[in-house]
Amino acid sequence: MKISILFKFVIGPWGGGNQFLNNLKKAWERQDKYCNNPKDADFILFNSHHQFKNVIKLKLKYPQKLFVHRIDGPMSGYRKHNTLLDKLIFLFAKELADGVVFQSQWSLNKSKILGYTSKSFEKVIHNRSDREIFYPSKAYSSIIKGKIKLIALSWSSNLKKGFDIYSYLDKNLDFNKYEFTFIGNSPVKFTNIKQLKPMSPEDISTHLRESHIMVFASEVESCSNTIIEGLSCGLPIIYKNDSSNPEIVKQSGLPFSTGREAINVISKLMKNYNEYKESIDISSIIQVADEYYSLFQEIHDKKVSNLNLSSNINSNFLLKYKALYMLSKLENKYRLNLTKSKKFVN
């Protein structure tokens, strides 16, 4: 079976979804399971709220192909005015997708609360990084000499990415003891934290391997690629105790809720640093690609058994899509929360 990913890939530094899907694409290319042209694919994987018009066009043109929806968010967790965008995503998952993949159990549970309806073929599969780029340092020493090196990353400048925490650390961390590097886009200018512009994955991985601890302060994450890249490079993580962060880090770090607590947590982690580092256990992108493929195979086998699982587009779906699409645009443009529309999409 061949797979095609319906996504507009960006070359160079970009967001986590772009990085993960590119990693997944490369893994399937190595296994000769990927094709660039959806016409030649048995399965089409589409992502979150992207390319919805093209998803509809392809489904109408190739009704027998199987479509799997990788869901991000919920989006309203990042931006409160995106409640209808979530409803639009759930509509595609319910009425068009043959299977659904969530990036974390937290994301699945939160989506159910907001109105997502479970599918027969539904699976939680965490993201993973490219091990050819993100891997631990071979020169690791259990004894740290000099300053303890902290690192944080964010492509987005959204304040919910933890900039209140980073600002607090910039003002209150003991920089005689610590060195802190931030890579990415920030809405604030730091005084003591070294700030670097977005860079390639290869350059990021080098900075990660040169560091000791990742500080991850983002509040709402369905499955952070930044955390996964840090773990893949052998870094214990101190993380904001929210959303999927505990689920992804597991025993390889410690949680915090405030800036003051983050400083205490760094000290606590350093007392047993090697134990946290040795507890890192993270699968490869090949294993994750196989998990996706296993789900595709299961859906395919059931369809072959004449269970008529393939979802179809009808006029009622198109009516809901058009209405939700227009309303979600208004909601986003004017920063509204059009909760009254819930009855329309249920």
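The notes below deal with the structure included here. Since the structure is predicted, the reported quantities are computational estimates derived from the model, not experimental observations. (Residues numbered from 1 in each chain as written. Predicted model: local features only at pLDDT ≥ 70, side-chain atom pairs only at ≥ 80, totals over all residues. Heavy atoms only, no water.)

This part covers empty space enclosed by the protein. Applying the stated rule across the entire model yields one cavity of 30 Å³ or more. Estimates place the volume of the largest cavity at around 50 Å³. As for the largest cavity, its lining consists of Leu 153, Ser 154, Trp 155, Ile 183, Ile 204, Thr 226 and Glu 229. Tallied by class, the residues present in the lining of the largest cavity amount to four nonpolar, two polar and one charged. (1 Å grid on protein atoms, 1.4 Å probe; cavity = no way out; pocket = protein on both sides within 12 Å on 5 of 7 lines; lining within 4 Å. Points joined across faces, edges and corners; volume = space filled by probe spheres on them. Nonpolar A, V, L, I, M, F, W, Y, C, P; charged D, E, K, R; others polar.)

So, about the sheet that holds strand E9 (residues 213-216). As summarised here, the arrangement of the six strands in space is E8-E7-E6-E9-E10-E11, forming an open sheet in which the pairing is parallel. Each edge of the open sheet carries a strand with a single partner, namely strand E8 (194-196) and strand E11 (253-256). For this sheet, the mean inter-axis angle between neighbouring strands, taken without regard to orientation, is 20°. Judged from the three bridges that link them, strand E7 (residues 178-184) and E8 form a sheet pairing that is parallel. Looking at E8, one finds that Phe 182 is bridged to Gln 195. On the sheet, helix H6 (residues 201-209) packs against strand E6 (148-154), E7, E8 and E9 and is oriented at approximately 150° with respect to E6. (Pairing = 2+ DSSP bridges. Helix = DSSP H or I, 4+ residues; strand = E, 2+ residues; numbered from the N terminus. Axes fitted to C-alpha atoms, helices over the stretch in contact; angles between N-to-C directions. Contact = heavy atoms within 4.5 Å.)

Another aspect to go through is the nonpolar core. Judged by nonpolar contacts, the single largest core of 31 residues is most densely connected at Phe 46, Leu 88, Phe 92, Leu 96 and Tyr 116. Among the elements of the structure, strand E2 (43-47), helix H2 (52-61), strand E3 (66-71), helix H3 (83-95), strand E4 (99-102) and helix H12 (315-333) are those that each provide at least two residues to this core. Not counting chain neighbours up to four residues away, the residues in contact with Tyr 116 comprise Ile 71, Phe 90, Ala 93, Val 100, Phe 102, Leu 108, Ser 111 and Glu 122. Residues Leu 169, Phe 180, Ile 266 and Leu 269 belong to the second largest nonpolar core, which totals 27 residues. (Core = buried A, V, L, I, M, F, W, Y, C linked by side-chain atoms within 4.5 Å. Buried < 20%, exposed > 50% of the residue type's maximum accessible area, 1.4 Å probe, protein only.)

With that out of the way, let us pick up the sheet that holds strand E1 (residues 3-6). Reading across the sheet, the five strands line up as E1-E2-E3-E4-E5 and stay open at both edges, with parallel pairing between neighbours. With one partner strand each, in any of the chains shown, E1 and strand E5 (122-124) form the two edges of the open sheet. Across the sheet, the axes of successive neighbouring strands diverge by a mean angle of 20°, strand direction being ignored. Packed on one face of the sheet, H2 meets E1, E2 and E3 and runs near 165° to E3.

This part is about the layout of surface pockets. Considering only enclosed or pocket space, the largest pocket measures out at about 980 Å³ in volume. Along the walls of the largest pocket sit 38 residues, with Gly 15, Gly 16, Gly 17, Asp 72 and Lys 161 positioned nearest its centre. Counting residues per element, the ones that place at least two in the lining of the largest pocket are helix H1 (16-30), E6 and helix H7 (225-232). In terms of residue class, the lining of the largest pocket is built from 12 nonpolar, 18 polar and eight charged.

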